[in-house]
2 protein chains.
Amino acid sequence: MSQALRDAGVRVTRQREAILQVLTGSEDHPDAAELHRRAQALDPSVSLATVYRTLTVLEREGVIARHSFENGSARFEIAEPGHHDHIVDLDSGEIIEFHSEKIEELQRRIAAEMGYEIVHHRLELYCRKA
Amino acid sequence: MSQALRDAGVRVTRQREAILQVLTGSEDHPDAAELHRRAQALDPSVSLATVYRTLTVLEREGVIARHSFENGSARFEIAEPGHHDHIVDLDSGEIIEFHSEKIEELQRRIAAEMGYEIVHHRLELYCRKA
DNA sequence: TTGGCTGCAAAGGATTTGCACAAAT
DNA sequence: ATTTGTGCAAATCCTTTGCAGCCAA
């Protein structure tokens, strides 16, 4: 992955390696401040500004996905192949991923009916345990 | 509408009437700064802080809906009966409303499968003219 | 009358940026 | 040797808040 970035003309610094390592090792959806905390455990020199700058680069390179849920800061995750949407547990804050090809298809149809083509979309279900 | 607010124990001030009038007269999805501009045309005494405070109250009372699209500030509209989602034209910034009961149903089914009940949701299609 | 509003200005939180230095290629 | 990345602190942007006076009920 580091090599892929280098090939894309991105310099892979000590700090960026730390941030990448944190991201690949995270199962949840941390925000910039949390990533900063975790990255500093690996390399205390990592600054919050660099975390933000690196996240911007990684998003541009398609390595990570950024999600802005209601309330609070943006959250990040390694971009897996295949898009997914999110359920947000309003009580625990937990984030659950799901995917529905049926919904995606309906979205495309609706957009097409209005003369549009979807570039990207955002679907979030804010839920409570039934 | 003013009376309904009064009945709910909300004071309807000169400023709030101006803001309400702007909101009911707006076909688009203005943000707080734009509402401030428009409200000042009716009553120059309206401050931006009051716009924000009023929007919070009106949202709590169910009079308006707040939407936070990607990039930029929150946008507001009078809450019509019946929920709708949005298409955002990435080139013009235009916002188009749509509703799909099929999608809503699928969302409910998916949430239910995970043991959840949807409190509210957010679906936005970021599009370009085909 | 009086508790809820208001304007103003200052504070807040998240994110970005200018700068001089450091380090990857 | 270049050119890009870095830390730090200051700056931005949107939004909220403390305070002293104002006004809707």
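What you see is a predicted model, and the numbers here were worked out from it, not measured in a lab.

**Structural notes on the domain arrangement of chain A**
Residue and element names in this part refer to chain A. Here the domain parsing of chain A yields domain 1 (2–78) and domain 2 (85–127). Each of domain 1 and domain 2 has a C-alpha centre, and these two points are 24 Å apart. Tallying the contact residues gives seven residues for domain 1 and seven residues for domain 2. Taken together, both faces of the contact between domain 1 and domain 2 bury some 600 Å²; the carbon and sulfur share is 59%.

**A closer look at the interface of chain A and chain B**
Between chain A and chain B, the residue contacts involve 34 residues of the former and 34 residues of the latter. In this assembly, chain A packs against chain B so that about 3,100 Å² is buried in total across both faces, 67% of it on carbon and sulfur atoms. The interface formed by chain A and chain B includes two salt bridges. Here Glu 124 of chain A makes a salt bridge to Arg 122 of chain B, at a shortest N to O gap of 2.5 Å. Counting only elements with at least two residues in the side of chain A that touches chain B, the list comes to strand S3 (85–89), strand S4 (95–98), helix H5 (101–113) and strand S5 (116–129) of chain A. It is S5 of chain A that provides the largest number of residues to the side of chain A that touches chain B, a total of 14 residues. A per-class count over the side of chain A that touches chain B returns 18 nonpolar, six polar and ten charged. With 13 bridges joining them, S5 of chain A and strand S5 (residues 116–129) of chain B adopt antiparallel strand pairing.

**Observations regarding helix H5 (residues 101–113) of chain B**
Residues and elements named next belong to chain B. An ideal rise of 1.5 Å per residue puts 18 Å on 13 residues; H5 measures up with 18 Å between its terminal C-alpha atoms. Three or more residues of H5 are buried, namely Ile 103, Glu 104, Leu 106, Gln 107, Ile 110 and Ala 111. Mapping the buried residues of H5 onto a view down its axis gives an arc of 165°, with all of them on the same face. Across from the buried face of H5, at angles greater than 90 degrees, the exposed residues are Lys 102 and Glu 113.

Rules behind the numbers
- Residues numbered from 1 in each chain as written.
- Chains lettered and ligands numbered in written order.
- Predicted model: local features only at pLDDT ≥ 70, side-chain atom pairs only at ≥ 80, totals over all residues.
- Heavy atoms only, no water.
- Domains from an automatic or database assignment.
- Contact = heavy atoms within 4.5 Å.
- Buried area = accessible area lost by both parts, 1.4 Å probe.
- Salt bridge = Lys/Arg side-chain N within 4 Å of Asp/Glu carboxyl O.
- Helix = DSSP H or I, 4+ residues; strand = E, 2+ residues; numbered from the N terminus.
- Nonpolar A, V, L, I, M, F, W, Y, C, P; charged D, E, K, R; others polar.
- Pairing = 2+ DSSP bridges.
- Expected span 1.5 Å × (residues − 1).
- Buried < 20%, exposed > 50% of the residue type's maximum accessible area, 1.4 Å probe, protein only.
- Arc of directions from axis to C-beta.

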